[in-house]
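These are the residues of each chain, in order.
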Amino acid sequence: MDFNTAAETNIFDRPKILGKAVPRRDGPLKTTGRAPYAYERHDVAEGQLVGYPLGSAIAKGRILSMDTEAARAAPGVRAIVTTLDMEAMPVPSEMHTAHLFGGDKVEHYHQAIAVVVAETFEQARAATALIKVEYDADEGAEFDLLAAYEKMKDTPVDPEVSKGDFETAFANAAHRIDRTYVTTPQNHAQMEPQATVAAWDENGNVTLWTSNQMIQWAKKAVAKTFEMDVEKVRVDSPYVGGGFGNKLFIRSDVVLAALGAKAAGQPVKLAMPRPFVMNNTTHRAGTVQRIRIGTDAQGKIVALAHEGTSNTLPGGSGEDATNQSQHFYAADTLLIATRLAEMHLPEANAMRAPGEASGLMGLEMAMDEMAEELGMDPVQFRLVNDTDTSPATGKKFSDRNFARCLTEGAERFGWENRNTTPGSRREGDWLIGHGVAGAFRPSPATTSGARVRLQADGRIIVETDMTDIGTGSYTIIAQTVAEAMGMDIEDVEVRLGDSAFPVSSGSGGQFGAVSSTAGAYAACTALRREVARRIGHNDADGLSFARGNVTAGAKETPLVDIAPEGEIVAEDKVKFGSFRKDRMVATFAAHFVEVGVNAWTGEVRVRRMLGVCDAGRIMNPTTALSQVIGGMVMGVGAALSEEIAVDTAKGVFINHDLANYEVPVHADIPEQEVVFLDTLDPVSGPLKSKGVGELGLCGVAGAVANAVYNATGVRAREYPITLDKLLDGLPEV
Amino acid sequence: MRAFSYEKVKNPAGAAARAAEVANAKFVAGGTNLLDLMKLEIETPLHLIDVNGLGLDRIEGTDDGGLRIGTLVRNTALAADERVKRDYPVLTRALMAGASGQLRNKATTGGNLLQRTRCPYFYDTAMACNKRKPGSGCAAQAPGAFSRQLGVVGVSEACIATHPSDMAVAMRALDAVVETVMPEGETRAIPLADFHLLPGHTPEVETALKPGELITAVTLPAPVGGHQSYTKVRDRSSYAFALVSVALIRQPDGSGAVALGGVAPKPWRNAAADKLLPEGAKAVMAELMKDARPTEQNRYKIKLAERTLASALNEAKG
């Protein structure tokens, strides 16, 4: 199916199942322990041994020697593979930066340098601790983003976007601010660590039961890393215990399990210990963001500059905090530039809403500061600078209702009743403040395929290598197929995550829901054609599929009678035409937050949150709500507590467990209110829906930060806004 | 984790004797800290002596009107005890501010006192740590280190780790005494003030316990009344160790006791500071923090402690 023009009125505009609050299909399985995660796939391969990883104890340098004698002699040990046993394996894909295994060169702390395979987990772990490693560490390597920024900030770089004469416009602006904001590195901190069961057969085929968001990428990456035929690789990942981008790509668990299995001649399972997740895999890079805004006397932005600097391993792309600033607000002149501070921290790569999540932490605080400079209501300031075209590209937004998000949100939140003098509302021990922020995140779509199999009993089995990373894919694909085929949702079985299934979009960049449901719809359209043919029609036009029947004129045929002797299989994929790229397809939100800040201690507690989202058709209000409130929780963490602390001399994320990397707990999160605007975006896809998985995070931290300022009068420009950054500005005791 | 042997013991003196005679033995009760540390090979005992069967799990009155808390009383049970809630509310509040419900159900009174620091450098065996590996250095004080959560007072060049307990801070304000039994069967009573040691040059030595010596109970003196509070300040609302905590007992005449958590290698209190309570938080904290040697990253704790005490005093006066 080619999606080459904007969707017209179609079956999804009279939905019976799509758009309904259908409960998560995987919910009961997960809450009762019947959804096996990768490490629990005990039944997929017999004779599983257990692997345990060893990570480098230095961040940069070389390994001189590894003594495995004691480890090899330890009880239960069946195989050991060390990084010195081979040359560096190829980097798995262009989207990876770090090598995952092999060679004597150490690029970052906890780089995988050995795997020990034993009969039990305890034996493998104990033996791993017996390996003695001699290093030649590079002295004087630097891991301090702020220090690197100071050195490079005055060196000119070619701007990514330069529209008009920013410098002149800024210099002549009636009002202006010039501020620098800092975000620290963050970890995805998903509950399920990376884990893989690997098994080779006698023909050199490998199967990897793993936890991954992008099955096709994983399959190709395994083939590239092991320099083998891609058709000899199978990847299976039906349940994923959270990903947030940390599982977009294969990591060393896949490589170590496969190497261990080959060496031991038996299947091997391996899960990353939590500290290893923090330092071996990927993180969201820290950023330093200089933002300059100039406006005319009425508050129209005449000049906007956003310069972002982030950390990355050499050759990587860091975190581009500037993307939203090219498109979000009307700006007569623009200057967008990025710098990369190369250093040997672990690999910086995508984490939920890469770019915007960090960039809006800067931009939305700057918008608040600019509004204050102007003496304008921050909601009004954003409304004044609303735009229906991207100032950087000149492209029109396909559908943009950001102004409604702001005005309806302000109304619902009671924004007009807020205190406008920072630091002047107190209830007992608590200083009370309110903040607002806007949110913007593109809603891309990508080719996605599916296979539908109409069974003799009238049920349908859907197969696609799409993943459900806790987002609701199983559910919304079932809804889409049930809607398209006019069936009960109970009669639709969805199978995901197996590379033997048709290639899908996968889960990432909030493109999964739009793309994979469209792919399932494409397959259903093919099936409808085939059903039509079976009842003597050339195509499905004019046929009606409802209540488990297909109706042609006065003749109604139950689907159960269509393939009595077997199944009918139809497969197709959706391809999104270039017309979609002629528009800016994006999602928007406004977030409103009330905080209390303890006047004595500076502790910040969020008291109320409201998010108003503009994301096209909401396919399932329950799963979409879960995505947004989960994003809002992550935003509170980003604002107030989440920082993987860098030991800037050793290059180690030192608070590398879930006790010390503080994600919000239940007690931190108040009642969260989410409103979805009833919008449709026919340019986005046949279902006129857009992504919400990343939108829910965007802008939240900025709203919290602005509320903290409103409460205290202290403007903390370095996230996370912990109490030590507020103490000096709190009322005297 | 290293392989280890395991036994259950029947009586306290026998437990102590076994611990003294078996090389590299450790007691295990709730296991909420020890087992984690064993998995990471920070603790590497060769033998575990399970004391859960010793029956030391009762809370009973003492002759002088106080309470004797068996070493195996779980944190949840202790916090919920009616006598504790009524007569020693600072202790209930401190316990409920600690860990999580699941951990409090397992963690014991004696084990809580003996838990190890949460310094991140202690937890990463690739890092220098004098407490974990004497003589290896203190990575937490090296240039570039992350020390925001570490100690500011009572610390040394060898170690700036804090003691993580909330319970112990309240017990310190209450003048608790630790009762023990020795391998030879004799018993002794150690004031909690003397139980935890400052690191000095030997941060690996954390308590006054002798080899094999087993905690059997913690006793509290007769109730002192007054307004009692435990104020724990942290970056998130639950399941986090204190940046600063303040256990306060304040009598109507303004006298009382104050002990701090989150700032030192042991619950931090001194008599001179207590005497200054009527003069307010600034005077008390000047005394408690007089020998402070903070890092750039944790200097804020000094101000935070003063403001937290001021908050607690304000509430007590309210």
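Draft legend 1. Examining the layout of surface pockets more closely. Its boundaries defined by the atoms lining it, the second largest pocket holds a volume of some 900 Å³. Around the second largest pocket, the lining is made up of 39 residues, and of these T184, E643, E718 and K725 of chain A together with Q297 of chain B lie nearest the centre. Elements supplying a minimum of two residues to the lining of the second largest pocket: α4 (145-152) and β9 (175-183) of chain A together with α13 (300-317) of chain B. Its residues assigned to classes, the lining of the second largest pocket comprises 15 nonpolar, twelve polar and twelve charged.

Draft legend 2. Representation of the interface of chain A and chain B. Taken together, the contacts link 39 residues of chain A with 35 residues of chain B. For the pairing of chain A and chain B, the buried interface totals around 3300 Å² over both sides, and the portion due to carbon and sulfur atoms is 54%. When the buried surface of chain A facing chain B is broken down by residue, W600, I654 and E662 of chain A rank first, second and third, together holding 19% of it. Our enumeration of links across chain A and chain B arrives at three salt bridges. At the boundary of chain A with chain B, the tally comes to 13 residue pairs in polar contact (both at pLDDT 80 or more). Elements with a minimum of two residues in the side of chain A that touches chain B: α3 (121-128) and β28 (646-647) of chain A. Across the side of chain A that touches chain B, the residue classes break down as 22 nonpolar, six polar and eleven charged.

Draft legend 3. Representation of the pattern of salt bridges within the structure. Residues and elements named next belong to chain A. In total, this model carries 71 salt bridges over all chains according to the counting rule given. Notably, a salt bridge pairs R339 with E307, separated by 3.4 Å at the nearest N-O pair. You can see R339 sitting in strand β16 (residues 333-342) and its partner E307 sitting in strand β15 (residues 301-312), a full 32 residues away along the chain. Each member of the pair R339 and E307 is classed as buried. In this structure, the salt-bridge partner of E603 is R605, at a minimum N-O distance of 3.2 Å. Overall, R605 belongs to the buried group, its relative accessible area being 17%. Beyond isolated ion pairs, a larger network of salt bridges with shared partners links R451, R453, D457, R459, E463, E493, R495, E567 and E571.

Draft legend 4. Here's a closer look at the domain arrangement of chain A. Residues and elements named next belong to chain A. Looking at the assigned domains, one finds that chain A contains domain 1 (2-35 + 445-580) and domain 2 (393-443 + 585-729). A separation of 34 Å is found between the C-alpha centroids of domain 1 and domain 2. Opposite the 32 residues of domain 1 that make contact, domain 2 presents 28 residues. Both faces combined, the contact of domain 1 with domain 2 buries some 2200 Å², and carbon together with sulfur accounts for 57% of it. On the domain 1 side of the contact with domain 2, Q510, V514 and R580 bury the most area, a combined 29% of that side's loss. Here domain 1 and domain 2 share 18 residue pairs in polar contact (both at pLDDT 80 or more) between them. Contributing elements (two or more residues each) for the side of domain 1 that touches domain 2: α12 (473-485) and α13 (512-534). The element best represented in the side of domain 1 that touches domain 2 is α13, accounting for five residues. Residue composition of the side of domain 1 that touches domain 2, by class: 15 nonpolar, twelve polar and five charged.

About the thresholds
Residues numbered from 1 in each chain as written. Chains lettered and ligands numbered in written order. Predicted model: local features only at pLDDT ≥ 70, side-chain atom pairs only at ≥ 80, totals over all residues. Heavy atoms only, no water. 1 Å grid on protein atoms, 1.4 Å probe; cavity = no way out; pocket = protein on both sides within 12 Å on 5 of 7 lines; lining within 4 Å. Points joined across faces, edges and corners; volume = space filled by probe spheres on them. Helix = DSSP H or I, 4+ residues; strand = E, 2+ residues; numbered from the N terminus. Nonpolar A, V, L, I, M, F, W, Y, C, P; charged D, E, K, R; others polar. Contact = heavy atoms within 4.5 Å. Buried area = accessible area lost by both parts, 1.4 Å probe. Salt bridge = Lys/Arg side-chain N within 4 Å of Asp/Glu carboxyl O. Polar contact = N/O pair within 3.5 Å; in protein donor to acceptor, adjacent residues only side chain to side chain. Buried < 20%, exposed > 50% of the residue type's maximum accessible area, 1.4 Å probe, protein only. Domains from an automatic or database assignment.

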